[in-house]
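# Commentary on secondary and tertiary structure
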Amino acid sequence: MPVPVPRPRTDVLPHQAGPVDPGCAETARAAAVGMPAHGGCSGASHPPRTVPEAPRTPVASAPLPRDLPAAELPRPAADHRLPAGRTAARPAPGHAPDPANGTVFSATSATFDAPAAAEPLPVPPSEPPAQGLTLLLIGEDPNSHVPEMWDWAGRKVRLRTARNLTEAERLLTDDVHCILLDLTPTEPHGREEPNAAGASGDELAALRAVLRLAPSKAVVVLTCETDAERAADAVRVGAQDYLFRDELDGKVLSRAVRYAVERKRADLAQRQLTESRLRAEENARLERGLLPTPLLDGSELRFAACYRPGRSRALLGGDFYDTVRTPDGTVHAMIGDVCGHGPDEAALGVELRIAWRALTFAGLYGDELLATLQKVLENERSDDEIFATLCTVDISEDGHRAGVCLAGHPAPLLARAGERPELLPYEFGGPALGLLPEARWPRRQVELGAAWSLLMYTDGLIEGRIGEGNRRLGQEGMTELVARQMANGLHGEELLAESVREVRALNGGELTDDVAVLLLDRR
């Protein structure tokens, strides 16, 4: 073994160099003990190249034994080094190397170097191999022969054995990737014995028990070639694959196990995707069912609405609206906004909308209705900081007058025939629901005229940005936008769709807040 030195070159002791033939070996031994060789390799008779060396004090040393281990080599007494670039001649026969001078000779070169007083280089500890596949064999015969196999990374597959499900349940840990189930029938013992599943009479009872015990593990059944029908039935029941015991070898079993494991992973992923899709469809149907259906039978007013929740892939947000016509011919409209954007806020908005509809049909309106809604909010909200804004409008049977109540909500936009759209006064409104326990919400009477359009909206429509700066659209910008769309001849759903589209374009993308817009027309 080469002695480590600090320079790229490696020199070895004569007795450590690997001889190429017996002659070279004999020459190396002779050089080590200072005796003439009786034979040698072709280069042994060449005269050595000598270089004058500094005088030194000879130190007697015993000849090195022929089989001295490297770890037992004598260490030099002092670290005397030659100047850089100096070389020395090979010692003449009969002279041993001078350990006091700290020099080491090479069996193949006439030059020598002074070794460094360094310890052997440390060997880095080997990292433990990554864990491979683990199989669990369940069968009546614990000595069932399962050939050795390796996974796709070249690691040996570990095997555990269990004679019944009780032992299998104890050995079935999270690191088990696949279960090998031996379907060999139990040997008779004079009476009918239960199989591995603990039940008799069902040939695949053991498999069904294993599938219930380990629903997330891959299962491969082992059976005889003459029992192919039962093997196919096992796959139909839930096993990933089956193998015939007579054709079993390491290559076939390794391929089957890898296939079963990957197929089980694919099945589980597909099941999760299917469950997520079904859950999303169910939530969509639920949310769609919670959206309002206007009740305007017998009214000459035209209704249009646009709703966009701020949550991604949601159909329902914290904004809510509704429109109904009571038996006396009055049309009631409402739009509101619960602070926040999560599912809890959406649920609270649905509760407030349903409560408003019930109270409206019960004959309440104005301040009395809003005070009752505040009690509903205070009892249903999950946090005392949650509040809701609301705007209610009740339109007379003839459609010429309306009563408006504002609870911290933006004022509606009214466009009379032949006039420019304008915002209704906001100063007469009251606070948002849930802020002040003893608040009051006055009802203001508004003259509508013979033909008009009333636009009710939430703050998501007016809080969009204009360009890349911090400027907001605001109520004035929204009024100009709607007036321009009406001047272009847009009405109803077309007006709402184009207005929301332009607001999104000005914002540079989707709006982050919920948006609800309600339009009532009389012509």
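Residues numbered from 1 in each chain as written. Predicted model: local features only at pLDDT ≥ 70, side-chain atom pairs only at ≥ 80, totals over all residues. Heavy atoms only, no water.

### Some thoughts on the nonpolar core
Of all hydrophobic cores here, the largest spans 28 residues; its most connected members are Val393, Ile395, Trp452 and Met456. Within the residue set of this core, elements represented by two or more residues are β8 (331-338), α6 (343-361), β9 (388-395), β10 (401-407), β14 (452-457) and β15 (515-522). Here Met456 is in contact with Ala333, Met334, Ile335, Cys391, Val393, Pro412, Ala516, Val517 and Leu518, once residues within four sequence places are set aside. (Core = buried A, V, L, I, M, F, W, Y, C linked by side-chain atoms within 4.5 Å. Buried < 20%, exposed > 50% of the residue type's maximum accessible area, 1.4 Å probe, protein only. Helix = DSSP H or I, 4+ residues; strand = E, 2+ residues; numbered from the N terminus. Contact = heavy atoms within 4.5 Å.)

### As for the pairing of β8
When you tally the buried positions in β8, you get eight out of eight residues, the bulk of the element. The two faces of β8 match: Val331, Ala333, Ile335 and Asp337 on one face and His332, Met334, Gly336 and Val338 on the other face are all buried. Hairpin remark: strand β7 (residues 319-325) followed by β8, antiparallel, with five residues in the connecting loop; positive phi at Gly329, about 95 degrees. As paired elements, β8 and β9 share eight bridges and run antiparallel to each other. Residue pairing for β9: His332 is matched across the bridge by Asp394. (Pairing = 2+ DSSP bridges.)

### Quick word on the side chain of Glu345
By secondary structure assignment, the location of Glu345 is in helix α6. Here Glu345 falls in the buried class, since its relative accessible area comes to 17%. A polar atom in the side chain of Glu345 sits 3.0 Å from the backbone nitrogen of Gly342. Other than its neighbours up to four places away in sequence, Glu345 contacts Gly318, Val338, Cys339 and Gly340. (Polar contact = N/O pair within 3.5 Å; in protein donor to acceptor, adjacent residues only side chain to side chain.)

### Quick word on the confidence of the model for the chain
Taken over all residues, the pLDDT of the chain has a mean of 76, while the share at 70 or more is 69%. Within the chain, the lowest mean pLDDT, 47, falls on helix α1 (residues 22-33), and the highest, 97, falls on β9. In this model, residues 1-25 is a region of pLDDT below 50 whose contacts with residues beyond four sequence positions or in other chains number 45 contacts. (pLDDT = per-residue confidence, 0-100.)

### So, the packing of aromatic side chains
Between two aromatic rings, the relevant description is the distance of the centres plus the angle of the planes. The full count for this structure, using the stated rule, is two aromatic pairs. Judged by centre distance (6.1 Å) and plane angle (45 degrees), the rings of Tyr307 and Tyr321 are tilted. Note that Tyr307 is positioned in strand β6 (residues 302-308) and Tyr321 in strand β7, a separation of 14 residues in sequence. In this pair, the class of Tyr307 matches that of Tyr321, namely buried. (Phe/Tyr/Trp six-rings, centres within 6.5 Å; stacked < 30°, edge-to-face > 60°.)

### Brief notes about helix α5 (residues 250-290)
An ideal rise of 1.5 Å per residue puts 60 Å on 41 residues; α5 measures up with 60 Å between its terminal C-alpha atoms. Within the span of α5, buried status applies to Gly250, Leu253, Ser254, Ala256, Val257, Ala260, Val261, Lys264, Ala284 and Glu287. Packing partners of the buried residues in α5 comprise β1 (134-138), β3 (178-182), β4 (218-223) and β5 (241-244). (Expected span 1.5 Å × (residues − 1).)

### A short note on the sheet that holds strand β12 (residues 422-423)
Read from one edge to the other, the open sheet built from five strands follows the order β6-β15-β14-β11-β12, with strand pairing classed as antiparallel. Of all strands in the sheet, those bounded by a partner on one side alone are β6 and β12. Where β14 lies against β15, six bridges are found, and the strand directions are antiparallel. Following the sheet pairing, Met456 is matched in β15 by Leu518. Along the sheet, helix α8 (residues 474-487) makes contact with β11 (413-416), β12 and β14, crossing β14 at roughly 140 degrees. In the packing of helix α9 (residues 492-507) onto the sheet, the strands contacted are β6, β14 and β15, and the crossing angle to β6 comes to about 25 degrees. (Axes fitted to C-alpha atoms, helices over the stretch in contact; angles between N-to-C directions.)

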